[in-house]
Amino acid sequence: RKEVEQDPGPFNVPEGATVAFNCTYSNSASQSFFWYRQDCRKEPKLLMSVYSSGNEDGRFTAQLNRASQYISLLIRDSKLSDSATYLCVVSHTGTASKLTFGTGTRLQVTL
Amino acid sequence: ETGVTQSPTHLIKTRGQQVTLRCSSQSGHNTVSWYQQALGQGPQFIFQYYREEENGRGNFPPRFSGLQFPNYSSELNVNALELDDSALYLCASSFGQIPTHNEQFFGPGTRLTVL
């Protein structure tokens, strides 16, 4: 079983739609949680951190459920420019602060 | 941009060969992490270097090795290349021995193809 699991998609949605991505993680010692965005053939870039209290950044809302080991990302009013792969990421601080990535969920926003 | 640079951008090698990939960290950063991203997969942690010492390693064989130099730039070496080593190799620059993820800035990557 992978440490971080995501539905690979693709999710094809029309512009203006609301779309939600979910992921689960298996390591209960995980301490930090994030969503990264990766455009085709580019490096991953941090989209937002995820907190138990939930956090919002413009059209993006992230939520963490530690009891269920579940992370979500909601995108409202989708734009064409949101088309990308969204990577669910966890880390647990030990000797090294390694990031553990999910496979990613591909989003395609269409006209 | 992040200020993290990697070279070369693309590389083609044949099975059994050796390869060296390079990463220059962002100014002020002293930690470099390396990740391998196969097609259709998320990046996987290879190892991390902090102040010229290996500071953690993922599930990769010993033929994956690295170095960090006094200026904190880093190299990833892969010996006896296999077809499955074909991937995008990413380095991430950060500050401190146990950096928070917020401080990990990724370079554009080196795309390695093994024939």
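Residues numbered from 1 in each chain as written. Chains lettered and ligands numbered in written order. Predicted model: local features only at pLDDT ≥ 70, side-chain atom pairs only at ≥ 80, totals over all residues. Heavy atoms only, no water.

(A) Quick look at the side chain of Q104 of chain B. For Q104 of chain B, the position within the fold is in the loop between β9 (87-94) and β10 (105-106). At 3.4 Å, the side chain of Q104 of chain B forms a polar contact with the side chain of Y35 of chain B. (Helix = DSSP H or I, 4+ residues; strand = E, 2+ residues; numbered from the N terminus. Polar contact = N/O pair within 3.5 Å; in protein donor to acceptor, adjacent residues only side chain to side chain.)

(B) Expanded view of the state of the cysteines. Per the stated rule, a full pass over the model turns up two disulfides over all chains. The partner cysteine of C23 of chain A in its disulfide is C88 of chain A, sulfur to sulfur 1.9 Å. Note that C23 of chain A is positioned in strand β3 (residues 19-25) and C88 of chain A in strand β9 (residues 84-91), a separation of 65 residues in sequence. Between C23 of chain B and C91 of chain B runs a disulfide, and the two sulfur atoms are separated by 1.9 Å. (Disulfide = S-S within 2.5 Å.)

(C) Quick peek at the sheet that holds strand β6 (residues 55-57) of chain A. All names here are of chain A. Spatial strand order, β1-β3-β8-β7-β6: five strands in an open sheet with antiparallel pairing. Strands at the two margins of the open sheet, each flanked by one partner only, are β1 (4-6) and β6. In this sheet, neighbouring strand axes are inclined to one another by 20 degrees on average, regardless of whether the strands run parallel or antiparallel. Relative to strand β7 (residues 60-65), β6 runs antiparallel, the two being bridged by three bridges. Bridge assignment links E56 to a residue of β7, and that residue is T61. (Pairing = 2+ DSSP bridges. Axes fitted to C-alpha atoms, helices over the stretch in contact; angles between N-to-C directions.)

(D) Molecular detail of the pattern of salt bridges. Residue and element names in this part refer to chain B. For the structure on display, the rule yields eight salt bridges over all chains. A salt bridge links R63 to E82; the nearest nitrogen and oxygen atoms lie 3.3 Å apart. Note that R63 is positioned in the loop between β6 (53-57) and β7 (64-68) and E82 in the loop between β8 (74-78) and β9, a separation of 19 residues in sequence. Through salt bridges that share partners, R63, E82 and D85 make up one connected network. (Salt bridge = Lys/Arg side-chain N within 4 Å of Asp/Glu carboxyl O.)

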